[in-house]
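# Structural features, examined
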Amino acid sequence: MRVTAGPLTRRRHKRLLKLTKGYRLRFKNLFKRAFLKTMNARRHAFRCRRIKKREYRSIWIVRINAAIRQLDPKFNYSKFINGLKKAGIEMNRKMMAELAYRDMGAFGKLLEAAKSKLKAA
């Protein structure tokens, strides 16, 4: 009796077709099409995980700049970051954006610290 790869192939196909749940037309039923669609989806997911990080950072920067402009219209983001570096304050953009959104008073203190170090320099 010869040995076939039937059970293994069926298992592999079923595993892949489980991943294609929610796809449209033939892409959820036919193995060849489902395989290509899944490979593309995984490639895009890999790439977009990095893009998402980039986009969030730019959103945080926009929020920080908006909060700075709200407190002092003549001050901007680049001066603020420069002042914080000179003051020795290390805080990531995500936390600064949260402070700007949730606690404007604390963010105002950060702004004053940055301004005072820029004037002293």
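All of the points below concern the structure found in this document. In this text, all values refer to a predicted model and were calculated from it rather than measured experimentally.

### Focus on unusual backbone geometry
Phi angles above zero are rare outside glycine, and Leu25 is one such case at about 55 degrees. When you line up the elements, Leu25 lands in the loop between α1 (6–19) and α2 (31–71). Overall, Leu25 belongs to the exposed group, its relative accessible area being 66%.

### Quick word on helix α5 (residues 104–120)
Between its first and last C-alpha atoms α5 spans 24 Å; for 17 residues at 1.5 Å apiece the expected length is 24 Å, and the two agree. Against the buried residues of α5 lie α2, α3 (77–87) and α4 (93–102).

### Quick word on a nonpolar patch on the surface
Where nonpolar side chains cluster on the molecular surface, the patch consists of Phe35, Leu36 and Met39 and spans about 280 Å² of accessible area. You can see Phe35 is positioned in helix α2. Taking the relative accessible area as the measure of exposure, Phe35 reaches 36% and is therefore partly exposed.

### A word on the packing of aromatic side chains
Per the counting criterion, the structure on display carries 3 aromatic pairs. Judged by centre distance (5.4 Å) and plane angle (45 degrees), the rings of Phe80 and Phe107 are tilted. Here Phe80, found in helix α3, pairs with Phe107, found in helix α5; they are 27 residues apart in sequence, far enough to count as distant. Of the two residues, Phe80 and Phe107, both sit in the buried class. For Arg50, the ring lying beneath its charged end belongs to Phe46, and the centroid distance is 4.3 Å.

Parameters at a glance
Residues numbered from 1 in each chain as written. Predicted model: local features only at pLDDT ≥ 70, side-chain atom pairs only at ≥ 80, totals over all residues. Heavy atoms only, no water. Helix = DSSP H or I, 4+ residues; strand = E, 2+ residues; numbered from the N terminus. Buried < 20%, exposed > 50% of the residue type's maximum accessible area, 1.4 Å probe, protein only. Expected span 1.5 Å × (residues − 1). Contact = heavy atoms within 4.5 Å. Patch = residues over 30% accessible without salt bridge, like charges linked within 9 Å, V, L, I, M, F, W, Y side chains within 5 Å. Areas by Shrake-Rupley, 256 points an atom, 1.4 Å probe, with all protein chains shown as cover. Salt bridge = Lys/Arg side-chain N within 4 Å of Asp/Glu carboxyl O. Phe/Tyr/Trp six-rings, centres within 6.5 Å; stacked < 30°, edge-to-face > 60°. Lys NZ or Arg CZ within 6 Å of the ring centre and 35° of its normal.

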